[in-house]
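Chain by chain, the residues run as shown.
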Amino acid sequence: MKKIIISFIGILAVSFCFTACEKDYLDTYPTDQVSSAAAVLTTDNALTALNGIHRALYVRYGSQGRGGIGAFNMHIDEAGEDHVFNRSNWTHSYRWRPNSEPDNAYNTANWSMFYQWMANANVLINGVDNATGDQEDRDGVKGQALVYRAFCHFHLVRLWGDRYEPGGGNSQLGVPIKLDNSIDPIARNTVEEVYTQINKDLDDAIVLLNGYVRNNKSHFNVNIAKGLKARVALTQGNWAMAAQLAAEARAGFTLMDEGTYANGFQVFSENNSEFMWASQIVEDQSEGFGNYGAYISRNFSSSAIRGNPRSISNLLYDMISATDVRKTLWDPTGDHLNLPAGVSLLSSHKRFPYTNQKFIAVSNSDSRVDVPLMRAAEMYLIEAEALARSNQDGLAAQALYDMVITRDSAYTLSTNTGQALIDEIMVQRRVELWGEGFRWYDLKRLNLPLDRTGSNQSSTYTNGIMQVPVGDNRWTWPIPQDEIDANPLMDQNPI
């Protein structure tokens, strides 16, 4: 793991974060070793380093199409059946290339990105206990760093490891667990071992963050730790835990009403009661054409949006009730005559059917959109799905109703039971979380095939990737070739 993982371990990664937030810091502590020690010398320094990780989530990692976690989530969504391209540009993930090419830049960059964030977190986890300062700050820093480590391992194992099989031994190879900053090559851990570490980190974080008051929604508190653990429990098929933690996580967060939802996801999430966690892009730290909003918003003036505004599958769109406000967020004509007040399209913006206006940038010239990373709606959906899959249909239907009624005032409590109720919940999940990075992961965790046929998907733009059966090697990404070449202990996945 020397070339990719270890190259980001230690203060080289932390220095990157300091540079983004407090450039004078490196002038004071010019060497990597001293900076590493200084990062955890005081709680003020540790908080600065932690802010660097928060900032690192929305910087560019190479090309414009690799703009941190927002771009990553968008690309994951592209690989499912509900996200439609109208042109054959920026199609790496849409065409499943990172899924099959170990030297693909999107494959390699994401592997590096998650291990880089984890390296930064490890500096804080392993050193902040001895930092000078208040215990509350030490706990807050360590708790948030533990959430980051769990978050990174969770993404890594779901991409580069075979799916978690609830009730199985899960001895299949996952990814290397990285808990320190050593430079020695290490081998891959099993999928079960990785999930054990993820859960341990989240359990520890929940204790440390209990009662902790965060500065804003780009930071973590106990709700975010519980929300992430609910996601993990859902993936593992631990229905009781998923339902309980999802309910606890959303406590204190109010779902958007129809009027707010109709305006689309605009900045700023701090004022949106439903947003639990979001990357809030500071104006003077904006990546411009590299931002999440430069690719997924409807109104920013970028070549990606002007030429290839993203659409929803017409099959999924047709499943949305006519009285549901979410139906207004995709325009079947492409004309977008119902844009929110003050939002306009340029004459150069191409019009295609079913294009989205779920995401709205600040303006045609400002691409900022707060990146949605966790919303209360997802917690209702986790709770509903977990209850339904544990045969608690009445409670599941009620949890679903409590969310959907805020989107569709004509919705009535579902009378479906069993698989029919589960299917209804999953449709609501697909609609609600479109573009936010969930659908491909859901297909993998539920062992379902990809099927884009019969919709407005074009086989030309997908490069023929219209169906991928269960068991295909491409459901598990190949380990980056650079990592294979550098680490003699690293085993490659079947390609």
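For the structure itself, consult the block above.
The sections below set out a description of the structure shown in this document. All of these numbers come straight from a predicted model, not from anything done at the bench.

### Here's the deal with the nonpolar core
General note: in soluble globular proteins, nonpolar side chains tend to be found buried as a group. Counting residues in hydrophobic clusters, the biggest one holds 131 residues, and the most contacted among them are I69, F114, W117, L124 and W440. Per element, the largest residue contribution to this core is 13 residues, and it comes from helix α7 (residues 135-160).

### Comments concerning helix α10 (residues 239-249)
Looking only at α10, the buried set comprises A242, A243, L245, A246 and A249. On its buried face, α10 is in contact with α9 (222-236), β2 (275-279) and α15 (376-389).

### Topic: the pattern of salt bridges
Within this structure, the stated rule accounts for 28 salt bridges. Note that K226 is salt-bridged to E248, the shortest N-O span being 3.1 Å. Taken as a pair, K226 in helix α9 and E248 in helix α10 lie far apart in primary sequence, 22 residues in all. Residue E378 pairs with R231 through a salt bridge whose shortest N-O separation is 2.7 Å. Of this pair, E378 sits in helix α15 while R231 sits in helix α9, and the two are 147 residues apart along the sequence. Using a relative accessible area of 2% as the deciding quantity, one classes E378 as buried. Each of E274, D324, R326, K358, R375, R407, E432 and E436 takes part in one network of salt bridges that share partners.

### As for the pairing of β2
Within β2, 5 of the 5 residues are buried, which leaves the element mostly enclosed by the surrounding structure. In the sheet, β2 pairs with strand β6 (residues 371-375) via 4 bridges, with the strands oriented antiparallel. In the sheet register, S279 faces β6, and the bridge partner there is V371.

### Thoughts on the packing of helix α5 (residues 68-78) against α7
Two elements in contact, α5 and α7, have axes separated by 14 Å at closest approach and are oriented at 30°. In terms of orientation, α5 and α7 fall into the roughly parallel class. Between α5 and α7 lies a crossing of left-handed hand. Of the residues in α7, those in contact with I69, F72, N73 and I76 of α5 are F151, H155 and L159. In terms of residue class, the contact of α5 with α7 is made up of 5 nonpolar, 2 polar and no charged.

What counts and how
Residues numbered from 1 in each chain as written. Predicted model: local features only at pLDDT ≥ 70, side-chain atom pairs only at ≥ 80, totals over all residues. Heavy atoms only, no water. Core = buried A, V, L, I, M, F, W, Y, C linked by side-chain atoms within 4.5 Å. Buried < 20%, exposed > 50% of the residue type's maximum accessible area, 1.4 Å probe, protein only. Helix = DSSP H or I, 4+ residues; strand = E, 2+ residues; numbered from the N terminus. Contact = heavy atoms within 4.5 Å. Salt bridge = Lys/Arg side-chain N within 4 Å of Asp/Glu carboxyl O. Pairing = 2+ DSSP bridges. Axes fitted to C-alpha atoms, helices over the stretch in contact; angles between N-to-C directions. Parallel < 35°, antiparallel > 145°, perpendicular 65-115°, else oblique. Left-handed = near helix turned anticlockwise from the far one by under 90°. Nonpolar A, V, L, I, M, F, W, Y, C, P; charged D, E, K, R; others polar.

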